[in-house]
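Summary of the model geometry
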Amino acid sequence: MSAEAPSTPVLTGGCQCGAVRFAVSAAPTRISICHCRMCQKASGAPFASFADIDRNDFKWTRGKPAAFRSSSIAERGFCAACGTPLSFGRIDGDRIEIMTGAFDRPDRVIPTRQFGTESRLGWVVGIANLPSQTTQQNYGPEKMATIVSHQHPDHD
């Protein structure tokens, strides 16, 4: 990891509570979805999505993630305070993969490939065809007005 924060971050992000934040100074080289069973368990979701970044273009700008060595070759970073999964990296590797949902603007990190498809759940393919609602449609404006978010905003 570089010793200095990127001067003009291309992308920023962090965990749900804001204890851990990061900045990226160059666009990720590969953005992917992984369906492998290890990624399913690490994310608590049917798949994980990662942006692959050179460690020289990456800096933790607030706090540092805790780490779990999920295999003999890799570790996964997460916020020790709120549990947000943040990263995947080969031990002593020169790249880090950041979970796309942790970016402040996840719409800017669009997956272009999939891995671990041997574990892809059959129903994932049809997600776009399921009936859908916005959060406000689901809860209604009255309930939405009573909800107070404790999530860190998507910016510093």
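The rules behind the values
Residues numbered from 1 in each chain as written. Predicted model: local features only at pLDDT ≥ 70, side-chain atom pairs only at ≥ 80, totals over all residues. Heavy atoms only, no water. Disulfide = S-S within 2.5 Å. Pairing = 2+ DSSP bridges. Helix = DSSP H or I, 4+ residues; strand = E, 2+ residues; numbered from the N terminus. Axes fitted to C-alpha atoms, helices over the stretch in contact; angles between N-to-C directions. Core = buried A, V, L, I, M, F, W, Y, C linked by side-chain atoms within 4.5 Å. Buried < 20%, exposed > 50% of the residue type's maximum accessible area, 1.4 Å probe, protein only. Salt bridge = Lys/Arg side-chain N within 4 Å of Asp/Glu carboxyl O.

This paragraph deals with the state of the cysteines. For the structure shown, the criterion picks out zero disulfides. The thiol of Cys15 is not disulfide-bonded; the next cysteine sulfur, from Cys79, is found 3.7 Å away. Sulfur of Cys17: no disulfide; nearest cysteine sulfur belongs to Cys15 and is 3.7 Å away.

On the basis of which strands lie adjacent, the open sheet formed by three strands has the order E1-E2-E5 and antiparallel pairing. In this open sheet, the two strands that pair with only one neighbour each are strand E1 (11-14) and strand E5 (58-62). For this sheet, the mean angle separating the axes of adjacent strands, direction not counted, is 25°.

Our next topic: the nonpolar core. Membership of the largest hydrophobic core comes to 17 residues, with the highest contact counts inside it found for Phe22, Phe58, Trp60, Ile98 and Phe103. Formed by eight residues, the second largest nonpolar core is a distinct cluster that contains Cys34, Cys36, Cys39 and Ala74.

Throughout the structure, instances matching the rule amount to eight salt bridges. With a closest N to O distance of 3.8 Å, Asp54 and Arg95 form a salt bridge. In this pair, Asp54 sits in strand E4 (residues 48-54) while Arg95 sits in strand E9 (residues 95-99), placing the two residues 41 residues apart along the sequence. What makes Asp54 partly exposed here is its relative accessible area of 23%. For Arg62, the salt bridge identified is with Asp156, shortest N-O distance 3.5 Å. Remark: Asp156 occurs in the segment after helix H3 (141-144) and Arg62 occurs in strand E5; sequence separation between them is 94 residues. Looking at Asp156, the relative accessible area reads 59%, which means it is exposed. The network of salt bridges with common partners includes Arg30, Asp52, Asp54, Arg95 and Glu97.

Glancing now at the sheet that holds strand E3 (residues 30-34). Sheet architecture is open: seven strands sit in the order E6-E7-E8-E9-E4-E3-E10, paired in mixed fashion. Of all strands in the sheet, those with a lone pairing partner are strand E6 (66-68) and strand E10 (113-115), marking the two edges. The sheet shows a mean angle of 30° between the axes of neighbouring strands, taken without regard to direction. As paired elements, E3 and E10 share three bridges and run parallel to each other. Across the sheet, the residue bridging to Cys34 is Phe115, located in E10.

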